[in-house]
Amino acid sequence: ALKALTTQRRVGLERVGGRLSPGLLNRRIEVMTAKLQGLSLRLDPVRLIELPKKRDRLAGLGRVLESLSYKGALQRGFAVVRADGAVIPRAAGVSAGAALEIEFADGRVDARAGGDSPAHPRPKRKPAAKTPKDDEGQGSLF
């Protein structure tokens, strides 16, 4: 049985070995090299055309992201108010005496809320009465 199994395996190896000749392997290498060169020729236009397009698109998206960032609003003169690290979007969220942090475009400062709480706001003052101006001697008609 051992002799028959060995003979059977030898025949199988000889069959496979016939397909492993250097000539066949060299031919396969030539075919694959030609295929790789063809793919390389197709890749060059993609690299030269598509890559700059993708780079420009990425740069544009970066600018959009920057414009939507709150940092852009800070550059335009707005400020971010925080209490205990959380952003306070409305005055009603601030109680009198609360410790605040105000972020400006160029840095942050600590502050303390003073006066009345927004739940009990200070009454608004009436604007001062305007006095009529005496332009070239003509007084007010009213």
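Computed from a prediction, not measured in an experiment: that's the story for all the values here. Each residue is numbered by its place in its chain's sequence as written, counting from 1. For this predicted model, a pLDDT threshold of at least 70 governs which residues receive local features, and a threshold of 80 or more governs which side-chain atom pairs are given and counted, while totals over whole chains, interfaces and linings are taken from all residues. Water and hydrogen atoms play no part in the side-chain values, which are based on all heavy atoms of the structure.

### Notes on the overall build of the protein chain
- Put simply, DSSP marks the helices as runs of H or I at least four residues long and the strands as runs of E at least two long, and each gets a number from the N terminus on. Each helix and strand in the protein chain was counted, giving three helices and four strands.
- Taken from the N to the C terminus, the helices and strands of the protein chain come in the order α-α-α-β-β-β-β.
- Within the protein chain, the fraction of its 142 residues that count as buried is 11%.
- Here a residue-residue contact requires only that any non-hydrogen atoms of the pair lie within 4.5 Å. Residue pairs at least 24 apart in sequence account for 21% of intrachain contacts in the protein chain once pairs closer than 6 positions are excluded.
- With an accessible surface of roughly 13100 Å², the protein chain has 60% of that area assigned to carbon and sulfur atoms. Throughout, exposure labels follow a simple rule: accessible area from a 1.4 Å probe, protein chains only, divided by the maximum for the residue type, with under 20% read as buried, over 50% as exposed, and the rest as partly exposed. The method behind every accessible area is Shrake-Rupley, applied with a 1.4 Å probe, and residues are considered shielded solely by the protein chains displayed.

### Quick notes on the pattern of salt bridges
- Put simply, a salt bridge is a Lys or Arg side-chain nitrogen that is within 4 Å of an Asp or Glu carboxyl oxygen. Following the criterion strictly, the structure yields seven salt bridges and no others.
- The partner of E101 in a salt bridge is R108, with the nearest N and O atoms 3.1 Å apart.
- The class for E101 is partly exposed, based on a relative accessible area of 23%.
- Notably, a salt bridge pairs R108 with E103, separated by 3.3 Å at the nearest N-O pair.
- We classify R108 as partly exposed; its relative accessible area is 47%.

### Some points on the environment of A91
- Inspection of the secondary structure assignment puts A91 in the loop between strand 2 (86–87) and strand 3 (99–104).
- Taking the C-alpha atoms as reference points, A91 and V81, 10 residues apart in sequence, are found 9.8 Å from one another.

### Observations concerning the nonpolar core
- Here, nonpolar core refers to any group of buried Ala, Val, Leu, Ile, Met, Phe, Trp, Tyr and Cys residues whose side-chain atoms link them within 4.5 Å. In terms of nonpolar packing, the biggest core is built from six residues, these being A83, I88, V94, A98, L100 and A113.
- Among residues more than four places away in sequence, those in contact with I88 are V81, R82, A83, G93 and V94.

### Concerning the sheet that holds strand 1 (residues 80–83)
- Pairs of strands are assigned from DSSP output, requiring at least two bridges between the strands. A sheet is described by the order of its strands in space; here four strands give the open sequence 2-1-3-4, paired in antiparallel fashion. Each of the sheet's edge strands pairs with one partner strand only, and the pair in question is strand 2 and strand 4 (107–112).
- Bridge analysis of strand 1 against strand 2 gives two bridges, and the strand direction is antiparallel. Looking across to strand 2, one finds that A83 is bridged to A86.

### Some thoughts on the pairing of strand 4
- Where strand 3 and strand 4 come together, six bridges link them in antiparallel fashion. Pairing of E101 across the sheet is with D110, part of strand 4.
- Counting the residues that bridge the hairpin from strand 3 to strand 4 gives two residues.

### As for the environment of D110
- Tracing the sequence through the fold places D110 in strand 4.
- For D110, a relative accessible area of 70% puts it in the exposed group.
- The sequence separation of D110 and A99 amounts to 11 residues, and the corresponding C-alpha distance is 7.4 Å.

### Some words on the pairing of strand 3
- Where strand 1 and strand 3 come together, three bridges link them in antiparallel fashion. If you follow R82 over to strand 3, its bridge partner there is E101.

### Looking at the environment of Y70
- Looking at where Y70 falls in the secondary structure, it is placed in helix 3 (residues 70–75).
- Judged by its relative accessible area of 36%, Y70 is partly exposed.
- Put simply, Y70 and V80 are 10 residues apart on the chain and 8.6 Å apart in space, counted from C-alpha to C-alpha.
- Not counting the four nearest positions on each side in its chain, Y70 is found in contact with V80, R82, E103 and R108.

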